[in-house]
Amino acid sequence: MGTCFKRMASPTGTLTLIASEKGLRAVLWNYDPRKSDIDCRVEDPDHPLLLEAEKQLNEYFAKKRKTFSLKLDFIGSDFQIQVWEALLTIPFGETRTYGDIARQIGNPDSVRAVGGAANKNPIPIIAPCHRVIGANGKLVGFGGGLENKALLLELEAPYRQTSLFD
């Protein structure tokens with residue numbers, strides 16, 4: 001069948017969820033297939049994987065879910081996929097720096113490239129690039145916008161030992 005999508009409302013705005021035959025391929029803000037690297041024109045609001053992704057995201061936004069259990073279908077370079085898979089290891093309510101991720105993937109000199117890969121993460125929230133902050137502890141870079149990054153981190157704030165907003 002290829003890819004299909006459904007839209008959902010969220011506290012961060014309308015999200016477009018895209019599924020392939022292999023798994024969830026994307027969670028996008030302001031999706032426009034004419035301006036996106038992911039071309040998906042078939043809407044399927046009843047697709048089982050998309051319904052499950054919507055359910056789990058709604059549970060996350062309602063503070064009833066800390067981890068996701070969805071089959072993912074990352075499409076990108078080997079390096080990007082390595083970074084995105086590293087994002088999946090960041091626990092709920094914790095943050096890492098881009099340098100931490102670069103060291104984790106065994107490439108400590110790739111901090112800027114890690115930032116670029118994180119910014120192109122096609123499955124944000126679920127592969128939590130919002131949990132990656134600058135070395136100075138500041139919120140930097142996020143494909144969904146810094147306002148949404150702050151909102152997601154605040155949602156998880158009760159579970160963090162320290163606040164980024166003090």
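The text that follows walks through the structure, step by step, so that each part is easy to find. As the structure is a computational prediction, the values presented were derived from the model and not from experiment.

1. Some thoughts on the nonpolar core
Next up, step 1: Leu-17, Leu-24 and Ile-125 are the most contacted members of the largest nonpolar core, which has 40 residues in total.
Next up, step 2: For this core, the elements supplying multiple residues, two or more each, are β1 (4-8), β2 (15-19), β3 (24-29), α1 (48-61), α2 (78-87), α3 (98-104), α4 (111-119) and α5 (146-156).
Next up, step 3: Per-element accounting of this core gives the leading share, 6 residues, to α1.
Next up, step 4: Sequence-distant contacts of Ile-125, defined by excluding residues within four places in its chain, comprise Leu-15, Trp-29, Leu-57, Tyr-60, Phe-61, Phe-68, His-130 and Leu-152.
Next up, step 5: Phe-5, Ala-26, Leu-28 and Cys-40 belong to the second largest nonpolar core, which has 6 residues in total.

2. A closer look at the sheet that holds β3
Next up, step 1: The antiparallel open sheet is built from 3 strands, whose spatial order is β1-β2-β3. Two strands lie at the open edges of the sheet, namely β1 and β3, each paired on one side alone. Neighbouring strand axes in the sheet, compared pairwise and without regard to direction, differ in orientation by 20° on average.
Next up, step 2: Sheet strands touched by α1: β1, β2 and β3. Its angle to β1, the strand with the most contacts, is close to 30°.

3. Some points on the packing of aromatic side chains
Next up, step 1: Applying the stated rule across the entire model yields 5 aromatic pairs.
Next up, step 2: With a centroid separation of 5.6 Å and an interplanar angle of 40°, the aromatic rings of Tyr-60 and Phe-68 are classed as tilted. With respect to burial, Tyr-60 and Phe-68 carry one shared label: buried.
Next up, step 3: Centre to centre, the rings of Phe-74 and Trp-84 are 5.4 Å apart; their planes meet at 40°, and the pair counts as tilted. Within this pair, whereas Phe-74 is found in the loop between α1 and α2, its partner Trp-84 is found in helix α2, the two being separated by 10 residues in sequence.

4. What about the pattern of salt bridges?
Next up, step 1: In total, this model carries 8 salt bridges according to the counting rule given.
Next up, step 2: What emerges from the salt-bridge pattern is a single network uniting Glu-52, Lys-55, Glu-59 and Arg-65.

So, how was this worked out
Residues numbered from 1 in each chain as written. Predicted model: local features only at pLDDT ≥ 70, side-chain atom pairs only at ≥ 80, totals over all residues. Heavy atoms only, no water. Core = buried A, V, L, I, M, F, W, Y, C linked by side-chain atoms within 4.5 Å. Buried < 20%, exposed > 50% of the residue type's maximum accessible area, 1.4 Å probe, protein only. Helix = DSSP H or I, 4+ residues; strand = E, 2+ residues; numbered from the N terminus. Contact = heavy atoms within 4.5 Å. Pairing = 2+ DSSP bridges. Axes fitted to C-alpha atoms, helices over the stretch in contact; angles between N-to-C directions. Phe/Tyr/Trp six-rings, centres within 6.5 Å; stacked < 30°, edge-to-face > 60°. Salt bridge = Lys/Arg side-chain N within 4 Å of Asp/Glu carboxyl O.

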